[in-house]
Amino acid sequence: MTDGRGYYTHAQQGEHEYFDLGAFVLRSGYTLPGATLAYRTHGTLNAARDNAVVFPHMYSGTPSSLDVHIGPGLPLDPERWFVICPGQLGGGMSSSPSNTAPPFDRGQFPAVSIADDVVAQHRLVTEHFGIERLHAVLGWSMGAQQTYEWAARFPAMVPRAAAFAGTARTPVHNRIFIDLHLELLRSDPAFAGGFYADSADVRLGLTRHALAFSLQGLTPEWYRGEHWRRLGFASADDFRQGFIRGYFAPMDPNNLVSQASKWWRGDLSPHGGGSLHTALGRIPAHFFVVPFGGDQFFPVEDCETDAGHLPHGELRVIDTPAGHFAMFGLLDEDTRLIHEVMAEMLDSPG
C-alpha cells in the first residue's frame, strides 16, 4: 500500500483474512497455541485449481506490501491468476510477539524459521483452498528465502519459481549486518529485553535501525546520483527521514527481532543433508534467480552461485541504483524490468 506520493505505508488488519493453524509446532521445539496465519488474496481460484501463485513478503512487510506488483494489466493480473500473499510468522499480522498471549508474548516469543512459514503456508494452500499444485511461487528478500524453501520442501507443487534479491542461504556478510541492526534495536535501554510497554518507547532503537537500512538498503550511486530527487525529496536527509525512518518508525521492535533472527538462520542446506549445492540440485522447478545490481544484502555473485547449482536455473540481473530496495518500486524502470521477469517466469514451461 502506498500513500499519495507513492511511498509505502502499512495495511490495516481488516484488509486481510486469517487461517487458524491451531497448536502449531515450530522447528525450535515450541508449540504456539491458537496460531494464525494472515493472508491476502487477489483474483479467483479457477475450477481446475491450477492458477494459484504464492507470493510471500519481505522483512518488515505485510501481505499488502506486494500490492504494487499485482493488478490489471500487470503480469500478476487477478483476471488470470489467483495470487495468495501470506504473512510471516513474527511479522505482526500472523502470530507474532506483539499479538500472542503469555507465556509466548513479547520478548519470550519462540524462535520461528523460514520452514515454519512455508509449512504454515502449505497448510493454507492445501487445507483451506484445496490446491494440489501451484502455478508458481515468487518472492523478494525473505520472500525469496521462502520461495527456495517451497521449491525444496514441496517440489511436486512448485513447477515455476522466482527469487528476487535473495539467496538459498543467508550470506555471512549479510548475517553480520543482521547482527548489527539487531544490536541497534536491542541496545536501546527502553527495549527492556523485549518487555517494553509501548513500541514507541523504543524510538532510539528504531531510529538506529533505520539508519543502518539507509546505508545498506541502497547503493552508493543512489546517494551520489541524488536519485531520491525523483521521488520528491529535497535532500538525502529528507529521504532518509521521510521514507526509511518513516517506514520503520511505527513497527514493533520485537516483531522486527523475530523476523530478523529468522532471516539470519535462512539456510536451504538441510534439504541436501547439510550441502547447499545438493539441496539446490534437487529442485526440479524452472527457477528464475533475480539479483539486483549493487544489492548489499544479497550480492549478484551469491545469487549467481545459487543459479549455477539449480538444474533449471535462469539468472536475470537487474541493475539499479536502488539496490536491495528496488522491489519497493521506487523507480519506474526497475518495476518494469521486475515485471518483465515475472511475466517470463509465469509463462515459462513448468
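Residues numbered from 1 in each chain as written. Predicted model: local features only at pLDDT ≥ 70, side-chain atom pairs only at ≥ 80, totals over all residues. Heavy atoms only, no water.

This part covers the overall build of the chain. Assigned secondary structure in the chain consists of 10 helices and 10 strands. The C-alpha atoms of the chain give 19 Å as radius of gyration, which agrees with the globular expectation for 350 residues (20 Å, within 12%). Each of the 350 residues in the chain was classed as buried or not, and the buried ones make up 59%. The long-range share in the chain, meaning contacts at least 24 apart out of those at least 6 apart in sequence, stands at 75%. (Helix = DSSP H or I, 4+ residues; strand = E, 2+ residues; numbered from the N terminus. Rg over C-alpha atoms; globule rule 2.2 N^0.38 Å. Buried < 20%, exposed > 50% of the residue type's maximum accessible area, 1.4 Å probe, protein only. Contact = heavy atoms within 4.5 Å.)

Once that is clear, we can look at the sheet that holds strand β1 (residues 17-25). Strand order in the open sheet formed by 8 strands is β1-β2-β4-β3-β5-β6-β7-β9, and the pairing between neighbours is mixed. If you trace the sheet from one side to the other, it starts and ends with β1 and β9 (313-315), each paired once. Between one strand and the next, the sheet's axes are offset by a mean angle of 20°, whatever the strand orientation. Looking at chain direction, strand β3 (residues 52-54) and strand β4 (residues 82-86) are connected through 3 bridges and run parallel. Residue pairing for β4: V54 is matched across the bridge by I84. Sitting on the sheet, helix α1 (residues 114-128) touches β1, β2 (31-42), β3 and β4, and the angle it makes with β1 is about 120°. Contacting β3, β5 (136-140), β6 (160-164) and β7 (286-290), helix α10 (residues 332-346) runs over the sheet at an angle of about 160° to β6. (Pairing = 2+ DSSP bridges. Axes fitted to C-alpha atoms, helices over the stretch in contact; angles between N-to-C directions.)

Following the criterion strictly, the structure yields 1 cavity of 30 Å³ or more and no others. Approximately 110 Å³ is the volume attributed to the largest cavity. By residue number, the principal contributor to the lining of the largest cavity is helix α6 (residues 236-248), which donates 4 residues. The residue inventory of the lining of the largest cavity, partitioned by class, reads 12 nonpolar, 3 polar and no charged. (1 Å grid on protein atoms, 1.4 Å probe; cavity = no way out; pocket = protein on both sides within 12 Å on 5 of 7 lines; lining within 4 Å. Points joined across faces, edges and corners; volume = space filled by probe spheres on them. Nonpolar A, V, L, I, M, F, W, Y, C, P; charged D, E, K, R; others polar.)

Position of R175 relative to the elements: it lies in helix α3 (residues 172-186). Spatially, the C-alpha atom of R175 lies 8.3 Å from that of R265, the residues being 90 residues apart in sequence. Once you skip the residues sitting within four places of it in the chain, R175 turns out to touch R169, T170, W264 and G266. Polar contacts involving the side chain of R175 include one to the main-chain carbonyl oxygen of W264, which spans 2.9 Å. (Polar contact = N/O pair within 3.5 Å; in protein donor to acceptor, adjacent residues only side chain to side chain.)

Our next topic: the UniProt feature "domain: AB hydrolase-1" (unreviewed entry) in the chain. The sites that carry the UniProt feature "domain: AB hydrolase-1" (unreviewed entry) are, in the present numbering, residues 53-328. Between the end C-alpha atoms of residues 53-328 there is a gap of 20 Å, over a span that is 37% helix and 11% strand. (UniProt positions renumbered as here; feature names shortened; annotations may be inferred.)

With that settled, consider the nonpolar core. Of all hydrophobic cores here, the largest spans 110 residues; its most connected members are F55, L76, Y148, W150, F164, I283 and F287. What L76 contacts, discounting residues up to four positions off in sequence, is V53, F55, H69, I70, G71, W81, V83, L138, M342 and L346. (Core = buried A, V, L, I, M, F, W, Y, C linked by side-chain atoms within 4.5 Å.)

Turning our eyes to something else, we now look at the packing of aromatic side chains. For the structure shown, the criterion picks out 24 aromatic pairs. If you follow R175 out to its NZ or CZ, it ends over the ring of W264, 4.4 Å from the centre. (Phe/Tyr/Trp six-rings, centres within 6.5 Å; stacked < 30°, edge-to-face > 60°. Lys NZ or Arg CZ within 6 Å of the ring centre and 35° of its normal.)

With that out of the way, let us pick up the side chain of S258. The residue S258 is located in helix α7 (residues 253-264) in this model. A relative accessible area of 10% places S258 in the buried class. In this structure, S258 is in contact with G90, P97, F109 and V112, ignoring residues within four places of it in sequence.

For β7, the buried fraction is high: 5 of the 5 residues fall into the buried class. Side chains H286, F288 and V290 of β7 all project onto a buried face; the interleaved residues F287 and V289 project onto the opposite face, where all are buried too. Across 5 bridges, β6 lies against β7 in parallel orientation. Following the sheet pairing, F164 is matched in β7 by V290. One ladder, built from 3 bridges, connects β7 with β9; its direction is parallel. Across the sheet, residue F288 finds its bridge partner in β9, namely E314.

A word on the environment of T126. Considering the arrangement of structural elements, one finds T126 in helix α1. On the basis of relative accessibility, which here comes to 26%, the residue T126 falls in the partly exposed class. For T126, the side chain forms a polar contact with the main-chain oxygen of H122, separated by 2.7 Å.

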